[in-house]
Amino acid sequence: HRKVEDVADTGELQRVYSLGSAVPVRPPPTSKGETIPQSSQSSSSSNATSTRIGKDEVLNMFEQGFSLGLIKLMAEMEENFPLRIWVVDNSGSMARDDGRRIVSTSGKRNDVKIVRSSRWAELQETVCYHSNMSALLSATTEFRLLNNPGSRNGPQRFSVAQRGETYIEQDI
């Protein structure tokens, strides 16, 4: 297993955080042999922007155990999925105590244990992780609660990176 320091100075790392533009492809045929209509933007359009994530973001993901191939795919996702939407179940059944959370037992990455929790605690941890990942990648993500929590408990919708990189710290 390679260490972050081993990867940090290689050309392989440079290729990950210096990605080019994604190229749209024609959608696959449906079961009847038809193709799904494409968006009004032409695939020959040259206004696509380059996907770039910095060395710090790549190293952060590598430290979490992401392979370089997966890091590259995560960086490219912004081109293919400019908005991610999560529907978060905040119904009463989420209070059940049949959830599972992964908890670190030391500072080491692989030293973890699985503990029982409520479904809600499991989901909260998941949403926190993915909102931080969205912030790291500057990937616009919206989280929508299934039920309105009421004005005293917070908004029904919240987002990360939707207002631009300047506001990401405030978003999370």
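Before reading on, note that the structure itself is shown above.
These figures come from a predicted structure and were not determined experimentally.

(A) Quick peek at the overall build of the protein chain. Helix and strand content of the protein chain: six helices and five strands. Mapped in sequence order, the helices and strands of the protein chain form the string α-α-α-α-β-β-β-α-β-β-α. Residues classed as buried in the protein chain amount to 26% of the 172 residues present. Taking the contacts inside the protein chain whose residues are at least 6 apart along the sequence as the reference set, 53% of them involve residues at least 24 apart. In the structure as shown, the protein chain presents an accessible area of about 11800 Å², 50% of it carried by carbon and sulfur atoms.

(B) Spatial organisation of the nonpolar core. Counting 14 residues, the largest nonpolar core has Ile53, Met61, Phe66, Ile71, Met74, Met133 and Leu137 as the members making the most contacts within it. Breaking this core down by element, the ones donating at least two residues are α3 (55-63), α4 (68-80) and α5 (119-137). In terms of residues, this core owes the most to one element, α4, which gives five residues. Look past the residues within four positions of Phe66 in its chain and what remains in contact with it is Met61, Ile71, Met74, Tyr129 and Met133. Ranked by size, the runner-up nonpolar core spans ten residues in total, among them Val88, Val127, Leu145 and Val160.

(C) A look at a nonpolar patch on the surface. There is a patch of nonpolar side chains on the surface, built from Leu83, Ile85, Val87 and Leu146 and spanning about 370 Å² of accessible area. Topologically, Val87 is positioned in strand β1 (residues 84-88).

(D) Quick peek at α3. Those residues of α3 that fall on the buried side of the exposure criterion are Val58, Leu59, Met61 and Phe62. Considered in projection along α3, the buried side chains sweep an arc of 160° and stay on one side of the axis. One or two steps after α3, the chain reaches Gly65, where phi turns positive at roughly 105°.

(E) Here's a closer look at the packing of α3 against α5. Closest axis-to-axis distance for the α3/α5 pair is 10 Å, and the angle between their directions is 150°. As summarised for this structure, α3 and α5 are arranged roughly antiparallel, according to the angle between their axes. Between α3 and α5, the residues in contact are Glu57, Asn60 and Met61 and Met133, Leu136 and Leu137, respectively. The residue inventory of the contact of α3 with α5, partitioned by class, reads four nonpolar, one polar and one charged.

(F) Structural context of the packing of aromatic side chains. What the rule picks out here adds up to two aromatic pairs. The interplanar angle of 40° and the centroid separation of 5.7 Å between the aromatic rings of Trp86 and Phe143 together place this pair among those described as tilted. With Trp86 in strand β1 and Phe143 in strand β4 (residues 141-145), this pair connects stretches of sequence that are 57 residues apart. Feature note: the residues Trp86, Phe143 and Phe158 constitute an aromatic cluster, connected by ring pairs.

(G) Quick look at the packing of α3 against α4. The geometry of α3 relative to α4 is characterised by a closest axis approach of 10 Å and an angle of 130° between their N-to-C directions. Between α3 and α4, the crossing angle belongs to the class labelled oblique. The interaxial crossing formed by α3 with α4 has right-handed handedness. In this structure, α3 uses Val58, Met61 and Phe62 to contact α4, whose residues at the interface are Leu68, Ile71 and Met74. Class assignment of the residues belonging to the contact of α3 with α4 gives a composition of six nonpolar, no polar and no charged.

How each quantity is defined
Starting afresh in each chain, residues are numbered from 1 along the sequence in its written order. For this predicted model, a pLDDT threshold of at least 70 governs which residues receive local features, and a threshold of 80 or more governs which side-chain atom pairs are given and counted, while totals over whole chains, interfaces and linings are taken from all residues. To obtain the side-chain values, all non-hydrogen atoms of the structure were used and water was disregarded. Only DSSP runs of H or I reaching four residues or more are called helices, and only runs of E reaching two or more are called strands; each is numbered from the N terminus. Burial classification: accessible surface area is computed with a 1.4 Å probe over protein chains only, and a residue below 20% of its type maximum counts as buried, one above 50% as exposed, and the rest as partly exposed. Note on definitions: a residue-residue contact is assigned when non-hydrogen atoms from the two residues lie within 4.5 Å. Here the accessible surface of atoms and residues is derived via Shrake-Rupley with a 1.4 Å probe, and residues count as covered only by protein chains that are part of the display. The term nonpolar core refers to a set of buried residues drawn from Ala, Val, Leu, Ile, Met, Phe, Trp, Tyr and Cys, joined through side-chain atoms within 4.5 Å. Only residues above 30% relative accessible area that lack a salt bridge enter a patch, with like-charged residues linked at up to 9 Å and the nonpolar side chains Val, Leu, Ile, Met, Phe, Trp and Tyr linked at up to 5 Å. By convention in these notes, a salt bridge is any Lys or Arg side-chain nitrogen within 4 Å of a carboxyl oxygen on Asp or Glu. By construction, the arc corresponds to the directions joining the helix axis to the C-beta atoms. Working convention: axes come from line fits to C-alpha atoms, limited for helices to the stretch in contact. Angles between N-to-C directions cover 0 to 180 degrees. Here the word oblique covers every angle except those under 35 degrees (roughly parallel), over 145 (roughly antiparallel) and from 65 to 115 (roughly perpendicular). Put simply, Ala, Val, Leu, Ile, Met, Phe, Trp, Tyr, Cys and Pro go in the nonpolar bin, Asp, Glu, Lys and Arg in the charged bin, and everything else, Gly too, in the polar bin. Stacked, tilted and edge-to-face are the three classes applied to pairs of Phe, Tyr and Trp rings, where Trp contributes its six-membered ring and a pair requires centres within 6.5 Å; stacked means planes under 30 degrees apart, edge-to-face means over 60, and tilted covers the rest. The sense of a crossing depends on the near helix, which, turned anticlockwise from the far helix by less than a right angle, makes the crossing left-handed and, turned clockwise, makes it right-handed.

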